[in-house]
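# Descriptive analysis of the structure
Listed below are the residues making up each chain.
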Amino acid sequence: MGRAERRLVTCVFVDVVESTDLTMRLGPERMKRVLGDAFADLSALALEHGGTIEKYVGDEIFVIFGAPVAHADDPERALRFGAGAVRWSHTDQRSIPLMVRVGIETGEALVDLEAIGSERQQMAVGGCVNVAARLRGEAEPGEVLVGPACAAGVGEIADLQDLGVRRLKGVGDVPVRRLVQLREVRSPISLPLVGRATELERLGAAFERASGGRASFVLVSGPPGLGKTRLVEELVSSLRDRARILQARCRPGTEQGVNTPQRQLLGSDLVGEVTTDTIQARLATLLSDEPERRRIGEGLAHGAGLAAVPRILSLRPEERLDELALAWRRYLAVLAETAPVVVWIEDLHWADPLLARLLERLWLDLAVPLLVVATARPEVGVASLRPHPDRVVLELDPLDNDSARALARTAGNERAAERGEGNALFILELARVGATHSALPLTLHGAIAARLDELLPADRELLQRAAIAGESFGVRDAALLADRDPAEVAGVLGRLAHLRYVRPVDGLFRFHHALVRDVAYSRLPLEERLRLHARFASECVHPDDAEALAHHWWEALGPAEAEWVWGGEPLLAQMRRDARRAHVVAAQREADRGALDAALSLLDRARQLAREPSELGEVAGAIAFAYQRNARGDECWEHFLEARDAYRAAAAPVPASLYAQSLVVPTLAWGYFRKLPDEALVRALTDEGIAVARRSGDPQSLAALLVARAAFTGDSDSLDESLALVDASTELGPFATTLFRIGETQYFRGDVLAALDSFARLERSGALELLNDADLFVFRAAAAYHEGDLAFARATAERALTLSGTRSAHTRQHALAALSLAHFGAGEWDDVRADAAALDDLVERHPGASFCLLGAGAAAAGAIAEARAGGGLAELPSFLVRLVPESAMLRASALLLPRAVSGVTDVDDAALAAYERTRGRWDRQSWDCVGLNPVLALIILERWDDLAPHLDRLDHFAAQGSRLAGALVLAAREEVVSSRGGSRPRHEALRSLGYSGISDLLSFRPR
C-alpha cells in the first residue's frame, strides 16, 4: 500500500442480479453497455451520498464511506445509498430491468489513500469488507442486508428486521438485519428534563461546607462527553479569587509516564519544575518546623515518584500508604490555613489503585477547608463507595433539549442539538463539522474523524503521529515522529491550536480532548504505529523515565502482530532486552509506591518479553520483590522459588540479592504469610543464599542473610559476622536496614546492651532517614526498659508515639506497646489502661490493618491492670486472635500473666513453651525478651517448684547487662524466702530503678 491509514469505514457491496441471463439474451456487447450505464448510475448515486468507488468486479460495485474523507454520519449515508440503489433498480424508465442485492457493514479497515482515483486495487482491507461482501451474497434481489456494527449506529434513522444469526463463509456467525425503511425525520429523543444548574448548585454547596472546615469529596460521574469537566470548570472559575486550586489528570496504563497525578497536583502550587528541592523550598515558606518539612516533603516526593525514600520503603505496605496520605493531609492542611483548597482530579477511572486509595484518605475525617472533586466515567463504581455525610456523588444525565440547543447555538449550529443526544462534546463536534438535522454519527469517533479530515493531509498526519507521544506532546516530539523540521512543526501546531484541535499547556501541546487524540492515534496503520513507538522510546523518552519507556516499548513489541512487523529485525533482541528492563525498573518503582497491581501488570508484560530462562528468572525475582514490598509472603515465596529455578535452568548464577530480599520474609516478617513455608527449606535456602553471597562478593546481601539466619535459628556466629560486615563498611547507609535488624535480633535474644548500642549507632550516623525511625525508637525504648533505664525508656517511647502519629496503625501500635511497657514497669495502672484503650480504639478504627505481638503485649498489660482491680478477661482472648492470628502459642504467652493475676491457677504449657530459645521463630515469645512474665506469673500463683529454670534465665540476662533482670531475680528470691517463713520482701533493687509496678505484681495474690 501507499499512504495508508486505519479508518472507521462503512463498506457497501452492490451486485446486479441475473446478469448472466441478460448476457445470454442481449449478447456481450449490449450487456457491457447496460452494465456500464448501471454502474454509471450507481456510481453517481454513491458519490451523491459521499461515498468513494473502491472497485468494479464483473457485475459488482464496492463503495466505501469514510475514506478518503470521513463524515459524521457515514453509516447513515451508506444505508441511504443502498436503499437508493434498490429504488433505482425498480424504476420504470429503463427498457431493460435490473435487480440489485446489497450488503453493508461498518468497521475498521486499512485504507490506501493513494489508491483512490488510481488503477490500483485493494484500496481497503479489513474484516468489515469481508462481512459486507458476504452479506451481499446472502441478500435476495431487492434486499439490503446490514451487519451488526452498522445496525448499532443507525437505529434512530432506520427500521431493521432481525434475521437472526447466519454463518458467513470465511467469517463465521454474524447477526444479520434487513433494511425495511429509512426515516427522513428522526424519532423524538426522550431526555430527562435535568440541566446543569442543580449539579452546579450542589457543587457550590459542597464547597461552602468544606470551606467551613469539613473536608469533603465530590465525584462527578458520567459517560464521555457529558460535560463533567465543563461543570467543574464552572465551579473552579468562580472560586479563583477564593480558593487555591490544585489540578491533575489521570491517563490510562503507563502512558502517564513520570508526570503522575501527584506530581501534577504539586506542580499546581510550585514555581518551576517539580523536584524534591522545589517541594522543600515551597514547604519552607509554609512551615517553620524543619523536621516536619523534611518528613512531609519526603512523603510527597516518594508518592509522586520523584524519589525512593528508604525510610518509607522500610515501612509495611499499609504504613507506606498511610505515610503518603498523612504527608498530603498535612500539606493540604497547611495550604488551607490561608485559603480553602480545591483538589481537582480528572478521569479518575484511569487512576491506579494506589491513587484511588490515597485520594480516599486525603479528605476523610479531616477538619480543614478542603474540597476534593473528581470526574470519572461510570466504570468507577458509585455503589462501591461507602456512604459518608461529606461525600457527594453527582451522576450526570444527558443535557435536556433546551440546554442542548443553547450549547449548539454557542457552537454556531443549533441543528447539532437535534442529533447530539444530550452529549455536550458530541454536540460541539457535530456543530463544528457542519451537521444537518438528518445526520447521526455512528459514534463520537465518526464526528471527530470527520473534523480531522478537514485538515490538510500533512497536518492530519502530524497530529496522528504526535498522538504516539500521548495526550500531551512537545514540538520536538511531534517533529521527530513526523520527520519534519521543528520550526515548521511549531508553526503548524500554533495554527492547529487556533483551530482548537490542540491547545498549549505549560510549554507543551495537548489534544483538545482525549478522544480526539484517540481517534487520531487509531488511524495510524499498525506497522507504522509499532515502529513509531519504538522510535519514540529510543530517541525521545528520557532514559530515567522507566514508566514511559515501558509504555512505548510495550506498544512497539507487545501486540500479537509484533512478530510479523519485526520479523528479521536485527536489533529485535536488544529492543526486547531494553523493553524488559524498563518494565522491571518501572515495576520496582510501582512496588516501592505500594501500587502492587500496577507493578504486577508491568511484570506480566516483562515476562512476555523475556526469551531466555535467566531473563525469566530476573522477572520472577522482580515479582517476588513486588510481593515482598506489599506484605504478600506466600506469593513472594512462590516467585522466589520460581526465579531460583529459572536461573538454575539457565546454568546462570542466582543473584545473592534475590536470596536477601526474599528470605527476610519468613525469617523476620513471617506475619506476611497466610501459610508458612517449610521451616527446613527456609533454613536450607538461607544457608544456600549465604554461600552464594560469599562467592559473589556481595557484602550487603551477605550481611542481610546472616542476620536473617541469626534471627531464625539463634545462631550467634552469624549475628557476629553480620555485625562485622557492617563495621567493616566505610559507609553505613547501605547497611542501615541490616544494622536495625541486627539490633532487633539482639533485643529479641535479650542482649539488650548490644541492641541499645546498635540503635544508638544508627541514630548517631544520621541514617534515620533510611529507616522507619518510629520503630527504631520503639525497640530502643524496649531495650532501655529491659536494661533498667525506665526514665529513658519512657522518654524514647513518647518520642516514638509522637512520630507514629503520622504513620500507619501498625506502627502506632508498636509505639503504644513501648509506652505501655514504661507505664507497666512504673505501676502507673491508669496509664496502662489508657494505653490499652487507645490500642483498642486503633484496632477498631483500622479494620483492614495488621497487628502483632507488640500490640498483644499492650493489650495484656491493660488486662492485668483491670484484673488487679477485680476485672475479668472475657474479651482478651478474642482480641488477641485479632492481633496475633498466626500463632496460638504466642497468644498463650500473652495470656500467661493476665490469667495469673485473675486467679486462674493452671499454667498453660504452651505459654511457657513459647519462651524456649529453641522454639521455632514463628512461635517464639520475643517482646518479653528476658522472660519477666513467667517469673511474675509463677510467683503470683505460688508455683515455687516451677520457678528455678526461669530464675536461671534471669541470671543469664542479668550477666549480659540487664539491670531489670538482675533486680527481678533478687526480688523473686526474696519472695521464695518469704514463702518459706522468711522476712517480708522489700524489692529494693527494683524500686530503686523505678519498677514499682513489677514490685506490686510480685506481692500481688489474687482473691
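Up top is the structure these notes are about.
Residues numbered from 1 in each chain as written. Predicted model: local features only at pLDDT ≥ 70, side-chain atom pairs only at ≥ 80, totals over all residues. Heavy atoms only, no water.

What follows concerns the overall build of the protein. Looking only at helices and strands, the protein features 47 helices and 16 strands. By principal-axis analysis of the C-alpha atoms, the protein measures approximately 135 × 65 × 55 Å. Counting across all 1007 residues of the protein, residues that qualify as buried make up 57%. Put simply, 68% of the contacts in the protein that link residues at least 6 apart link residues at least 24 apart. One way to put it: in the protein the 116 positive side-chain charges average out to a point 1 Å from where the 142 negative ones average out. (Helix = DSSP H or I, 4+ residues; strand = E, 2+ residues; numbered from the N terminus. Buried < 20%, exposed > 50% of the residue type's maximum accessible area, 1.4 Å probe, protein only. Contact = heavy atoms within 4.5 Å. Lys, Arg positive; Asp, Glu negative; His and termini not counted. Charge placed at Lys NZ, Arg CZ, Asp CG, Glu CD.)

With that settled, the discussion passes to the sheet that holds strand S16 (residues 508–511). The pairing of strands in a sheet comes from backbone hydrogen bonds and takes either a parallel or an antiparallel form. Across the sheet, which stays open at both edges, the three strands sit in the order S14-S16-S15 with antiparallel pairing between neighbours. Sheet topology places strand S14 (472–473) and strand S15 (502–505) at the edges, where each strand pairs with a single neighbour. In terms of strand pairing, S14 meets S16 through two bridges, oriented antiparallel. Counted as the bridge partner of Ser472 is Arg510 from S16. The strands that helix H20 (residues 486–498) touches are S14, S15 and S16; relative to S15, the one it contacts most, it runs at about 110 degrees. (Pairing = 2+ DSSP bridges. Axes fitted to C-alpha atoms, helices over the stretch in contact; angles between N-to-C directions.)

So, about the packing of helix H31 (residues 699–713) against helix H32 (residues 716–728). Packing of H31 against H32 leaves a shortest axis separation of 8 Å and a crossing angle of 150 degrees. The angle between H31 and H32 falls in the class roughly antiparallel. For the crossing formed where H31 meets H32, the hand is left-handed. Seen from H31, the contacting residues are Pro699, Leu702, Ala703, Leu706, Val707, Arg709 and Ala710; seen from H32, they are Ser718, Leu719, Glu721, Ser722 and Leu725. For the contact of H31 with H32, the residue count by class is eight nonpolar, two polar and two charged. (Parallel < 35°, antiparallel > 145°, perpendicular 65-115°, else oblique. Left-handed = near helix turned anticlockwise from the far one by under 90°. Nonpolar A, V, L, I, M, F, W, Y, C, P; charged D, E, K, R; others polar.)

Turning to helix H6 (residues 197–211), a few remarks are in order. Helix length check: H6 (15 residues) gives 21 Å between terminal C-alpha atoms against 21 Å at 1.5 Å per residue, within 8%. Regarding H6, the residues found buried are Glu199, Leu203, Ala206, Phe207 and Ala210. The buried residues of H6 occupy an angular sector of 100 degrees when projected down its axis, which confines them to one face. When the buried face of H6 is taken as reference, the exposed residues oriented beyond 90 degrees from it are Ala197 and Glu201. (Expected span 1.5 Å × (residues − 1). Arc of directions from axis to C-beta.)

One finds Tyr747, Tyr785, Phe824, Leu883, Trp927 and Ile998 to be the most contacted residues of the largest nonpolar core, which totals 111 residues. Listed in part, the 104 residues of the second largest apolar core include Val492, Leu524, Leu603 and Trp922. (Core = buried A, V, L, I, M, F, W, Y, C linked by side-chain atoms within 4.5 Å.)

The next thing to look at is helix H33 (residues 736–748). End to end, H33 covers 18 Å across 13 residues, agreeing with the expected 18 Å (1.5 Å per residue, within 8%). Buried residues dominate H33, accounting for eleven of its 13 residues. Ala736, Thr738, Leu739, Phe740, Ile742, Gly743, Glu744, Thr745, Gln746, Tyr747 and Phe748 are the residues of H33 that are buried. Buried residues in H33 make contact with helix H29 (656–668), H31, H32, helix H34 (752–765) and helix H35 (773–787). Just downstream of H33, Gly750 is the residue with a positive phi angle, here 85 degrees.

Turning next to the side chain of Glu143. Along the chain, Glu143 turns up in the loop between helix H4 (127–138) and strand S6 (144–146). Excluding residues within four positions of it along the chain, Glu143 makes contact with Val100, Arg101, Val102, Glu138 and Arg178.

Evaluated as defined, the whole model comprises 72 salt bridges. Linking Asp459 and Arg495 is a salt bridge whose minimum nitrogen-to-oxygen distance equals 2.6 Å. Remark: Arg495 occurs in helix H20 and Asp459 occurs in helix H18 (residues 457–466); sequence separation between them is 36 residues. Where salt bridges share partners, they join Glu461, Arg465, Asp483, Glu528, Arg535 and Glu539 into one cluster. (Salt bridge = Lys/Arg side-chain N within 4 Å of Asp/Glu carboxyl O.)

Attention shifts here to the pairing of strand S9 (residues 216–221). The two faces of a sheet get side chains in turn, since along a regular strand they alternate between them. The buried fraction of S9 is high, at six of six residues. Burial along S9 is two-sided: the residues Ser216, Val218 and Val220 and Phe217, Leu219 and Ser221 are all buried. In the sheet, S9 pairs with strand S12 (residues 370–376) via six bridges, with the strands oriented parallel. From the neighbouring strand, Ser221 faces S12, where its bridge partner is Ala376. With five bridges joining them, S9 and strand S13 (residues 391–395) adopt parallel strand pairing. Looking across to S13, one finds that Val218 is bridged to Val392.

Attention now goes to the pairing of strand S2 (residues 52–57). Here S2 runs beside strand S3 (residues 60–65); their pairing, made up of five bridges, is antiparallel. Bridge assignment links Thr52 to a residue of S3, and that residue is Ile64. Connecting S2 to the antiparallel partner S3 that follows it, the hairpin turn spans two residues, and Gly58 within it adopts a positive phi of roughly 60 degrees.

Examined against the element boundaries, Leu300 turns out to sit in helix H10 (residues 290–303). Accessibility expressed as a relative area gives 0% for Leu300, which makes it buried. Each C-alpha atom of the pair Leu300 and Leu771 lies 17 Å from the other, and the pair is 471 residues apart in sequence. Not counting chain neighbours up to four residues away, the residues in contact with Leu300 comprise Leu266, Ile279, Ala327, Trp328 and Tyr331.

With that settled, the discussion passes to the sheet that holds S13. The parallel open sheet is built from five strands, whose spatial order is S10-S11-S12-S9-S13. This sheet does not close on itself; its edge strands, each paired only once, are strand S10 (244–249) and S13. Strand-to-strand twist of the sheet, defined as the mean angle between neighbouring strand axes without regard to direction, takes the value 15 degrees. In this structure, S10 lies alongside strand S11 (residues 341–346), joined through six bridges in parallel fashion. Of the residues in S11, the one forming a bridge with Ala248 is Ile345. The strands touched by H6 are S9, S11, S12 and S13; relative to S13, the strand with the most contacts, the crossing angle is about 165 degrees.

As a further point, take the packing of aromatic side chains. What the rule picks out here adds up to 18 aromatic pairs. With a centroid separation of 4.2 Å and an interplanar angle of 10 degrees, the aromatic rings of Phe13 and Phe62 are classed as stacked. Placement of Phe13 in strand S1 (residues 4–17) and of Phe62 in strand S3 is noted, with a sequence separation of 49 residues between them. The exposure class assigned to Phe13 is buried, which follows from its relative accessible area of 5%. Consider the rings of Phe779 and Trp927, whose centres lie 6.1 Å apart with planes at 90 degrees: the pair is edge-to-face. Placement of the pair is Phe779 in helix H35 and Trp927 in the loop between helix H42 (909–913) and helix H43 (932–940), with a sequence separation of 148 residues. The exposure class of Phe779 is buried, given its relative accessible area of 3%. By way of ring pairs, the aromatic residues Phe740, Tyr747, Phe748, Phe759, Phe779 and Trp927 are connected into one cluster. For the cation-ring pair, Arg529 lies above Tyr521, with the distance from its terminal atom to the ring centre recorded as 4.9 Å. The lysine or arginine in question, Arg531, covers the ring of Trp566, its NZ or CZ lying 4.6 Å from the ring centre. (Phe/Tyr/Trp six-rings, centres within 6.5 Å; stacked < 30°, edge-to-face > 60°. Lys NZ or Arg CZ within 6 Å of the ring centre and 35° of its normal.)

The subject of this paragraph is the environment of Val12. With respect to the element layout, Val12 can be found in strand S1. C-alpha of Val12 to C-alpha of Ile53: the two residues are 41 residues apart in sequence and 9.7 Å apart in space. Not counting the four nearest positions on each side in its chain, Val12 is found in contact with Ile61, Phe62, Val63, Phe65, Ala78, Phe81, Val102, Gly103 and Ile104.

Attention now moves to empty space enclosed by the protein. Under the definition given, this model contains three cavities of 30 Å³ or more. Leu821, Gly857, Trp927, Asp928 and Asn933 are the residues nearest the centre of the largest cavity, which is lined by 23 residues in total. Secondary-structure elements contributing two or more residues to the lining of the largest cavity are H35, helix H37 (809–826), helix H39 (853–868), helix H41 (888–901) and H43. The biggest single contributor to the lining of the largest cavity is H39, with seven residues. By residue class, the composition of the lining of the largest cavity is 16 nonpolar, six polar and one charged. As a volume, the second largest cavity reaches approximately 80 Å³. Surrounding the second largest cavity, 14 residues form its lining, Leu8, His71, Asp74, Pro75 and Gly446 being those nearest its centre. At the level of secondary structure, the elements contributing two or more residues to the lining of the second largest cavity comprise S1, helix H3 (74–89) and helix H17 (444–452). (1 Å grid on protein atoms, 1.4 Å probe; cavity = no way out; pocket = protein on both sides within 12 Å on 5 of 7 lines; lining within 4 Å. Points joined across faces, edges and corners; volume = space filled by probe spheres on them.)

For the rest of this paragraph, the subject is the side chain of Glu346. Its location among the elements puts Glu346 in strand S11. Of the polar contacts made by the side chain of Glu346, one reaches the side chain of Gln247; its length is 3.2 Å. Contacts of Glu346, omitting those with residues within four sequence positions, involve Thr229, Gln247, Ala248, Arg249, Cys250 and Thr375. (Polar contact = N/O pair within 3.5 Å; in protein donor to acceptor, adjacent residues only side chain to side chain.)

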